[in-house]
Amino acid sequence: MTEFGFIDHIRTLFAALPDNGFEGIGDDCAVLPLQGGESLLFTADLLTEGVHFLRHATTARELGCKSLAVNLSDVAAMGGRPVATLLSIALPADAAGAWAEEFMEGYRALSEEYGVALIGGDTTASKGGVTINVTAIGRAADGCIKRRSGARPGDVLLTAGLLGESGAGLQDLLQGRCDTPCAAIHRMPRPQVDEGLWLGTRSEVTAMMDLSDGLASDVRHIMECSGVGADIDLERIPTAPGIDLRTAACAGEDYKLLLCAEASGVDSLMEAFEARFGAPLYPLGRITGTHELRWCEHGTPSPLDWQGSHHY
Ligand code: ADP
Ligand code: MG
């Protein structure tokens, strides 16, 4: 069974159980509306040694930052403010001392930067590698929550940053080049927390998520949840300098925001974003009513059938 097949299986298996007021599986976070116009957001991500990281290719401090960053990114993707995390960690004997302390320094530094409390978790020994699970909790005004399901035909598709550096960095790491700028970005992604919060307040934004599996894979989540299609203009994909187009479109772990905005408001949104953050939003395509993803070259659909990387 694929990752997505398994998630579908879980969703069906639990469909008849009470939801207890939660908007459940399927978005970057589960949403629990509270009284008074606010909601809590919940998300969890797992990092496993040998699958998500190689211990010899990252410092413990970097991994501490990254374990938190990927969760903060999911809260940001819904337009929420991260407020607290739970951290569970399984440590083999050779990581239980200085390595674990250094890991916590990295985790603490990013927690401090975003004002996030560590409120619990679990610690255990491991007979295999290091395994890390973080659950992040966020808060959002109900009206600011952005879902994957809000895109409409005619909306403009945008990213809030350049793509491909993390994917190129992974290729560097796998080839033993640990000291490249892209490898550093792969080991320590910056979650777009402030950008997500700000985009949450903008009524032009109809849908949002973060890019963890690559544009080619993640745009399909918006398509599926919104019941729409998308045309992506190859020449407008914001490729980071020196990165090839396919890496930018397909590689994972950029943790940049992917959003849809009403066409009539997109110019003022882009102008205000650039004024606020000193960096642009990049329009790269349109939402369509076709239910298919098309990679277009100067307006003409190409035969490309690019798929994303499945970042479990
Ligand atoms: P993300 O990349 O933002 O973490 P995914 O696209 O990987 O999200 O996951 C899709 C949805 O499936 C999310 O809502 C996630 O919470 C849910 N999900 C993934 N694995 C499980 C699981 N084992 N049990 C319940 N829900 C899961
Ligand atoms: Mg996500």
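Thresholds applied
- Residues numbered from 1 in each chain as written.
- Chains lettered and ligands numbered in written order.
- Predicted model: local features only at pLDDT ≥ 70, side-chain atom pairs only at ≥ 80, totals over all residues.
- Heavy atoms only, no water.
- Donors = N, O, S within 2.8 Å, 3.2 Å for Na, K, Ca; no water.
- Helix = DSSP H or I, 4+ residues; strand = E, 2+ residues; numbered from the N terminus.
- Buried < 20%, exposed > 50% of the residue type's maximum accessible area, 1.4 Å probe, protein only.
- Core = buried A, V, L, I, M, F, W, Y, C linked by side-chain atoms within 4.5 Å.
- Contact = heavy atoms within 4.5 Å.
- Phe/Tyr/Trp six-rings, centres within 6.5 Å; stacked < 30°, edge-to-face > 60°.
- Pairing = 2+ DSSP bridges.
- Axes fitted to C-alpha atoms, helices over the stretch in contact; angles between N-to-C directions.
- Near = heavy atom within 4 Å.
- Polar contact = N/O pair within 3.5 Å; in protein donor to acceptor, adjacent residues only side chain to side chain.
- Areas by Shrake-Rupley, 256 points an atom, 1.4 Å probe, with all protein chains shown as cover.
- Nonpolar A, V, L, I, M, F, W, Y, C, P; charged D, E, K, R; others polar.
- Salt bridge = Lys/Arg side-chain N within 4 Å of Asp/Glu carboxyl O.

Engineer: Please give an account of the coordination of the magnesium ion (ligand 2) that cites residues and values.
Structural biologist: Distances from the magnesium ion (ligand 2) to its protein donors, namely D28 (OD), D74 (OD) and D210 (OD), fall within the range 2.0 to 2.1 Å. Of note, the magnesium ion (ligand 2) draws all its donor residues from one chain, in the sequence arrangement D-x45-D-x135-D. One end of the pair, D74, is in helix α2 (residues 60-77); the other, D210, is in strand β7 (residues 205-210), with 136 residues separating them in the sequence. Accessibility assignment for this pair places D74 and D210 in one class, buried.

Engineer: Pulling in residues and values, what's your account of the nonpolar core?
Structural biologist: One finds L157, L215, V219, I232, I237, L258 and W295 to be the most contacted residues of the largest nonpolar core, which totals 26 residues. Counting residues per element, the ones that place at least two in this core are β7, α7 (215-226), β8 (229-233), α8 (245-250), β9 (257-261), β10 (282-288) and β11 (293-297). Here this core takes five residues from α7, the largest share from any one element. Ignoring any residue separated from it by four or fewer positions in sequence, one finds I232 in contact with L157, L215, V219, I237, L284, G285, L293, R294, W295 and C296. In this structure, A60, A95, W99 and V134 belong to the second largest nonpolar core, which totals 25 residues.

Engineer: Would you mind going over the packing of aromatic side chains in detail, with residue names and values included?
Structural biologist: Enumeration according to the criterion identifies seven aromatic pairs in this entry. Consider the rings of F22 and F42, whose centres lie 5.7 Å apart with planes at 55°: the pair is tilted. With a gap of 20 residues between them, F22 in the loop between α1 (3-13) and β1 (30-33) and F42 in strand β2 (residues 38-48) connect regions that are remote in the sequence. Residue F42 is classed as partly exposed on the basis of its relative accessible area, which comes to 25%. Where W198 meets F273, the ring centres are 5.7 Å apart and the plane angle is 75°; that geometry is what we call edge-to-face. Placement of W198 in helix α6 (residues 193-200) and of F273 in helix α9 (residues 266-277) is noted, with a sequence separation of 75 residues between them.

Engineer: Outline the sheet that holds β2, listing residues and values.
Structural biologist: Spatially, five strands are ordered β1-β2-β5-β3-β4 in an open sheet, and the strand pairing comes out mixed. One side of each edge strand has no neighbouring strand; the edge strands of this open sheet are β1 and β4 (117-125). Shown here is a sheet whose adjacent strand axes are inclined to one another by a mean of 15°, direction ignored. Two elements, β1 and β2, share four bridges in a ladder whose sense is antiparallel. Opposite V31, over in β2, you have L41 as the bridge partner. Strands β2, β3 (81-91) and β5 (131-141) of the sheet are contacted by α2, whose axis makes an angle of about 140° with β2.

Engineer: So what about the site of ligand 1? Which residues, and what values?
Structural biologist: The environment of ligand 1 is formed by E3, I7, I10, I25, G26, D27, D28, D45, D74, R148, S212 and H221. Interatomic distance of 2.7 Å between a backbone N/O atom of D27 and an oxygen atom of ligand 1. Contacts to ligand 1 include R148, whose side-chain N or O atom sits 3.2 Å from an oxygen atom. The protein chains hide 67% of the 560 Å² of surface that ligand 1 would expose on its own. Top contributing element to the shell around ligand 1 by residue count: α1, with three residues. By residue class, the composition of the shell around ligand 1 is three nonpolar, three polar and six charged.

Engineer: Residues and numbers for the pairing of β7, please.
Structural biologist: Of all six residues that make up β7, six are buried, and the element is covered over most of its length. Taken together, the five bridges between β7 and β9 define a ladder with antiparallel strand orientation. Paired with D210 across the strands is L257, a residue of β9.

Engineer: Report on unusual backbone geometry, specifying residues and quantitative values.
Structural biologist: For E253, which is not glycine, the phi torsion reads 70° and is therefore positive. Secondary-structure assignment places E253 in the loop between α8 and β9. You will see that H291, though not glycine, has its phi angle at about 70°, which is positive. As for its placement among the helices and strands, H291 is situated in the loop between β10 and β11. In this structure H291 comes out as exposed when scored by relative accessible area, which is 54%.

Engineer: Go over the pattern of salt bridges, please, and point to the residues and values.
Structural biologist: Summed over all chains, the structure comprises 18 salt bridges. Among the salt bridges present, the one from R190 reaches E113, with a minimum N-O distance of 2.6 Å. In this pair, R190 is assigned in the loop between α5 (181-187) and α6 and E113 in helix α3 (residues 98-114), connecting sequence segments 77 residues apart. Measuring nitrogen to oxygen at the nearest pair gives 2.7 Å for the salt bridge that ties R202 to E204.

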